[in-house]
Amino acid sequence: MRDIETRADCERLVRLFYGRALEDPVIGFLFTDVARLDLEAHVPRITSFWETILLGAQSYGGGAFRPHAALHMKAPLRRAHFEQWLRLWVTAVDELFAGERAELAKAHARRVAAAFHARLASVERPAGPPGLTITQH
Ligand code: HEM
Ligand code: HEM
């Protein structure tokens, strides 16, 4: 198995990951029902994010945290969601690639996930009506 070498490699990884994430029983609803993600619009941005980190491309402009804060306002992003996100990401990376960049892809995802999770603690969520429990399936 070879390492991540091109933007096309990044896109292949991103497509495999999101194909599964959108159907995932733990986090799928966050993309489909809460964010109503337009995958075709999303893939080039996420591919640029990884191309920037892994291949030094500078094709990603930054500001990755913001959409997650917006999402968190609508449905709280919990530790279990980040853990599942990471599990799917690591599985996808290991299925397709092996090498230094593949390791970096996993390591950087862990760092960003931890940073996002920590930062969300300071994002004000709207107070729900008292006594109302929202169940998510
Ligand atoms: C090749 C070197 C690296 C590149 C090109 C890179 C690139 C990036 C990019 C593009 C982001 C998203 C920033 C944004 O959207 O605002 C990011 C976030 C982050 N990176 Fe790196 N990174 C590198 C190395 C590292 C290293 C060595 C660490 C830590 C040891 C690290 C920790 C983080 C963390 C914690 C975040 C999330 C920041 C936040 O939004 O709170 N990165 N990185
Ligand atoms: C519970 C975990 C996560 C969920 C549910 C989630 C979901 C989402 C959603 C719904 C969007 C917004 C799409 C849009 O409206 O345009 C998004 C954007 C994005 N996510 Fe995540 N995400 C999670 C974790 C992460 C992690 C750990 C990373 C990085 C390693 C990451 C990287 C990104 C990037 C780069 C964007 C694009 C931001 C931009 O448009 O520039 N996400 N995510």
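Scroll up a little and you will see the structure.
Heads up: these notes are all about the structure in this document. Because the structure is predicted, anything quoted here is derived from the model rather than measured.

**A short note on the site of ligand 1**
Around ligand 1, the structure places 13 residues, and the nearest of them are Gly63, Ala64, His108, Arg111 and Arg119. Within the backbone of Gly63, one N or O atom sits 3.0 Å away from an oxygen atom of ligand 1. Note that an oxygen atom of ligand 1 is positioned 2.8 Å from one of the side-chain N or O atoms of Arg119. At the level of secondary structure, the elements contributing two or more residues to the shell around ligand 1 comprise α3 (39–55) and α6 (100–120). Examining the composition of the shell around ligand 1, we find that six residues originate from one element, α6, more than from any other. Its residues assigned to classes, the shell around ligand 1 shows seven nonpolar, four polar and two charged.

**Some thoughts on the coordination of the iron atom of ligand 1**
Inspection of the coordination sphere of the iron atom of ligand 1 shows a single protein donor, His108 (NE2), at 2.1 Å. Within the fold, His108 resides in helix α6.

**Overview of the coordination of the iron atom of ligand 2**
Just one protein atom coordinates the iron atom of ligand 2, and that atom is His68 (NE2), at 2.0 Å. Along the polypeptide, His68 turns up in helix α4 (residues 65–74).

**Quick look at the site of ligand 2**
Phe31, Arg45, Ile46, Tyr60 and His68 are the nearest of the 20 residues found near ligand 2. Here His68 contributes a side-chain N or O atom positioned 2.8 Å from a nitrogen atom of ligand 2. Contributing elements (two or more residues each) for the shell around ligand 2: α2 (28–34), α3, α4, α5 (79–96) and α6. The leading source of residues in the shell around ligand 2 is α3, at five residues.

Rules behind the numbers
Residues numbered from 1 in each chain as written. Chains lettered and ligands numbered in written order. Predicted model: local features only at pLDDT ≥ 70, side-chain atom pairs only at ≥ 80, totals over all residues. Heavy atoms only, no water. Near = heavy atom within 4 Å. Polar contact = N/O pair within 3.5 Å; in protein donor to acceptor, adjacent residues only side chain to side chain. Helix = DSSP H or I, 4+ residues; strand = E, 2+ residues; numbered from the N terminus. Nonpolar A, V, L, I, M, F, W, Y, C, P; charged D, E, K, R; others polar. Donors = N, O, S within 2.8 Å, 3.2 Å for Na, K, Ca; no water.

Remember, this is a structural readout, not a statement about activity or role.
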